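Structural features, examined
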Amino acid sequence: MSNMTTPNESSITIHELRKAYGRPRAGDPAYAVDGISFDVPKGKFVTLLGPSGCGKTTTLRCLAGLEQPDGGRIVMAGQTVFDAAQRRQVSAEDRPIAMVPQHYGIWPHMTVLDNAAFPLRHGRNRKGQQNVKQRALDMLDQVGLSGVAERWATQLSGGQQQRLALARALLSEPEVLLLDEPLSNLDAKLRTKLRLELRAFQEQFGVTSVYVTHDQAEALALSDIVVVMNQGRIEQIDRPERLYQQPKSAFVADFIGSANLIPVRQASSQSGNVLANTHIGTFTCAGEGQDTPSAGGNVCIRPENIDVEAAGSHRNGLPGQNRMPGRIIGAEFLGDRLELVIDVEGTKLRASAPASLTARPGDAVVVGVQPNHARYIAS
Ligand code: ATP
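Residue indices follow the written sequence of each chain, beginning from 1 at its first position. At least 70 in pLDDT is required for a residue's local features to be given in this predicted model, at least 80 for side-chain atom pairs to be given and counted, and no such filter applies to totals for whole chains, interfaces and linings, which use all residues. The basis for every side-chain value is the complete set of non-hydrogen atoms in the structure, without hydrogens or water.

1. Re the sheet that holds strand E21 (residues 375-377)
The pairing of strands in a sheet comes from backbone hydrogen bonds and takes either a parallel or an antiparallel form. By the convention used here, strands pair only if DSSP detects at least 2 bridges between them. The helix and strand labels rest on DSSP assignments: H or I over at least four residues marks a helix, E over at least two residues marks a strand, and numbering proceeds from the N terminus. The antiparallel open sheet is built from five strands, whose spatial order is E14-E13-E12-E15-E21. Here the strands that pair on one side only, and so sit at the sheet edges, are strand E14 (281-285) and E21. Each neighbouring strand pair of the sheet contributes to a mean axis angle of 45 degrees, computed without reference to strand direction. Here strand E12 (residues 260-270) pairs with strand E13 (residues 273-278) via six bridges, running antiparallel. Within E13, the position partnered with Gln266 by the bridge is Asn277. Axis lines are fitted to C-alpha atoms, over the contacting stretch for helices. Their N-to-C directions set the angle, which ranges from 0 to 180 degrees.

Laid out in structure tokens, this is it:
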């Protein structure tokens, strides 16, 4: 973000944003949002991701103008909508945004059509709007709701209400779409279906979007860029693949997907790789994104990158560097794969093995990892 785009390409710039509920001092964890900065490039889908209470919703509400921040600056589509130094706070109605809240914000006493047409009749850009009914119907058609346009909004299913909220938001032609966990009230299958639809609409309309979720799968599937937050601060800003493959902290490695984190006693450099000494053996960590070696830190290995072989059937000889003997202590059959827990000298490693692997709890195995799948994380 700040280093991925120039300010002119950004639709939103957030600089040193700070928000407390109550009166904490700087550095106090009571800051719900603690001096965060990032840019959202025009037309991109950016997700704020993190555990409950990390400050995602507060950040989104500051963007929407629903909270008054304590410090920092927010610029949207070239307009400074908040600047603490200049005591400037543009009201929510005057910001170039539309918001889809968690509970959709549908008007129950209106029909589906009137709900959709609401921003054209009453919104920020209501003046001079023509063909209101037809445009609302066209949009409802796009989200698959034209057949229920005359129904009361309360007669829609959860998924239909979510589509209506999206249609209404897009009809207001916002520069920025703000979405606060809009899929969280739906069942798992519908969530997956609607997140694909949501992303397709966002791309079709090219609207810059900021999305809040605590669901890492949703964030990885939907986003161009993910902002991982923890305790009011930013842990990492990156593309989904990089977040997964090159987490910059143990927190991110653990929060995004599943990770084995093996504490490191001492790490050093060798031929461009990191040699990480742990109590279960030494790992060679190779490839991009390794941290500078130091004392401490962790080796991060994803379960799907752990190779498991029955002891005695070593393809590559005896246990050695990146290869350790262990014993299976748990195995779950998940149809397409086996999820194993393997005890290696008292450390429990999780591994995803092919369903065809015949090993079962109690069996002795050798676990291994390719150097380019082992990542050294200093913090
Ligand atoms: P969740 O996923 O649970 O919604 P979040 O990451 O969106 O969490 P926020 O809702 O932004 O987190 O909350 C950040 C912190 O601010 C939390 O410690 C929360 O308790 C606190 N907080 C949020 N809203 C208020 C409020 N209106 N008054 C006081 N404290 C608040």
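2. Some details on the packing of aromatic side chains
Between the rings of Phe, Tyr and Trp (Trp by its six-membered ring), a pair exists once the centres lie within 6.5 Å; its type follows the angle of the planes, with under 30 degrees stacked, over 60 edge-to-face, and the other angles tilted. Under the criterion given, the structure shown has three aromatic pairs. Their ring planes at 45 degrees and their centres at 5.5 Å tell us that Phe45 and Tyr211 sit as a pair that is tilted. Of this pair, Phe45 sits in strand E3 (residues 45-49) while Tyr211 sits in strand E9 (residues 208-213); the two residues are 166 residues apart in sequence, bridging distant segments of the chain. As far as burial versus exposure is concerned, Phe45 and Tyr211 are alike and both buried. Between Phe251 and Phe255 the ring centres are 5.8 Å apart and the planes differ by 5 degrees, which places this aromatic pair in the stacked class. Within this pair, Phe251 and its partner Phe255 are both found in helix H8 (residues 250-255), separated by four residues, close to a single helical turn. Accessible area is worked out with a 1.4 Å probe on protein chains only. A residue is then buried under 20% of its type maximum, exposed over 50%, and partly exposed in between. The class of Phe251 is partly exposed, set by a relative accessible area of 24%.

3. Here's the deal with the sheet that holds strand E19 (residues 347-354)
Strand order in the open sheet formed by five strands is E16-E20-E17-E18-E19, with antiparallel pairing between adjacent strands. Two strands lie at the open edges of the sheet, namely strand E16 (307-310) and E19, each paired on one side alone. Each adjacent strand pair in this sheet contributes to an overall mean axis angle of 45 degrees, direction not counted. Bridging between E16 and strand E20 (residues 364-368) involves four bridges; their strand directions are antiparallel. Bridge pairing in E20 links Ala310 to Val365.

4. What to know about the pattern of salt bridges
We define a salt bridge as a contact between a side-chain nitrogen of Lys or Arg and a carboxyl oxygen of Asp or Glu at a distance within 4 Å. Under the defined criterion, the tally for this structure stands at 18 salt bridges. One salt bridge connects Arg191 with Glu218, and the closest N-O pair in it is separated by 2.8 Å. With Arg191 in helix H5 (residues 188-205) and Glu218 in helix H6 (residues 216-222), the pair connects residues that are 27 residues apart, well separated along the chain. The residues Arg191 and Glu218 share a single accessibility class, namely buried. Look at the salt bridges and you will find they share partners, linking Arg18, Asp34 and Arg233 into a network.

5. Considering the site of the ligand
The cutoff for a nearby residue is simple: one of its non-hydrogen atoms must lie within 4 Å of the molecule or strand. The full set of residues close to the ligand is Tyr21, Ala32, Pro51, Ser52, Gly53, Cys54, Gly55, Lys56, Thr57, Thr58 and Glu181. For the ligand, an oxygen atom lies 3.1 Å from a polar atom in the backbone of Cys54. Using a 1.4 Å probe, accessible areas were evaluated by the Shrake-Rupley method; residue-level cover was limited to the displayed protein chains. Compared with its free state, where it exposes 640 Å², the ligand has 54% of that area covered by protein. Among the elements that take part in the shell around the ligand, helix H1 (residues 56-64) stands out by supplying three residues, more than any other. When residue character is reported, Ala, Val, Leu, Ile, Met, Phe, Trp, Tyr, Cys and Pro are called nonpolar, Asp, Glu, Lys and Arg charged, and the others, Gly included, polar. Residues of the shell around the ligand, tallied by class, amount to four nonpolar, five polar and two charged. In protein, a polar contact requires one atom able to donate a hydrogen and another able to accept it; more generally it is a pair of N or O atoms within 3.5 Å, and residues adjacent in sequence count only if both atoms are side-chain atoms.

6. A short note on helix H2 (residues 112-122)
For H2, the complete set of buried residues consists of Val112, Leu113, Asn115, Ala116, Ala117, Pro119 and Leu120. The inward-facing, buried residues of H2 abut helix H3 (132-142) and helix H4 (158-171). Contacts are assigned to residue pairs with any non-hydrogen atoms lying within 4.5 Å of each other.

7. Thoughts on the nonpolar core
Residues belong to one nonpolar core when they are buried, are Ala, Val, Leu, Ile, Met, Phe, Trp, Tyr or Cys, and are joined through side-chain atoms within 4.5 Å. Ranked by size, the top nonpolar core spans 37 residues in total, and within it Leu140, Leu164, Leu166, Leu170, Leu177, Leu179 and Tyr211 carry the most contacts. Looking at this core, the elements with two or more residues in it are strand E7 (97-100), H2, H3, H4, strand E8 (176-180) and H5. Beyond its immediate sequence surroundings of up to four residues, Tyr211 is in contact with Phe45, Val46, Thr47, Leu48, Leu179, Pro182, Leu183, Leu198, Glu218 and Leu222. Core analysis: the second largest hydrophobic core is formed by 28 residues, Ala267, Val299, Ile301 and Ile306 among them.

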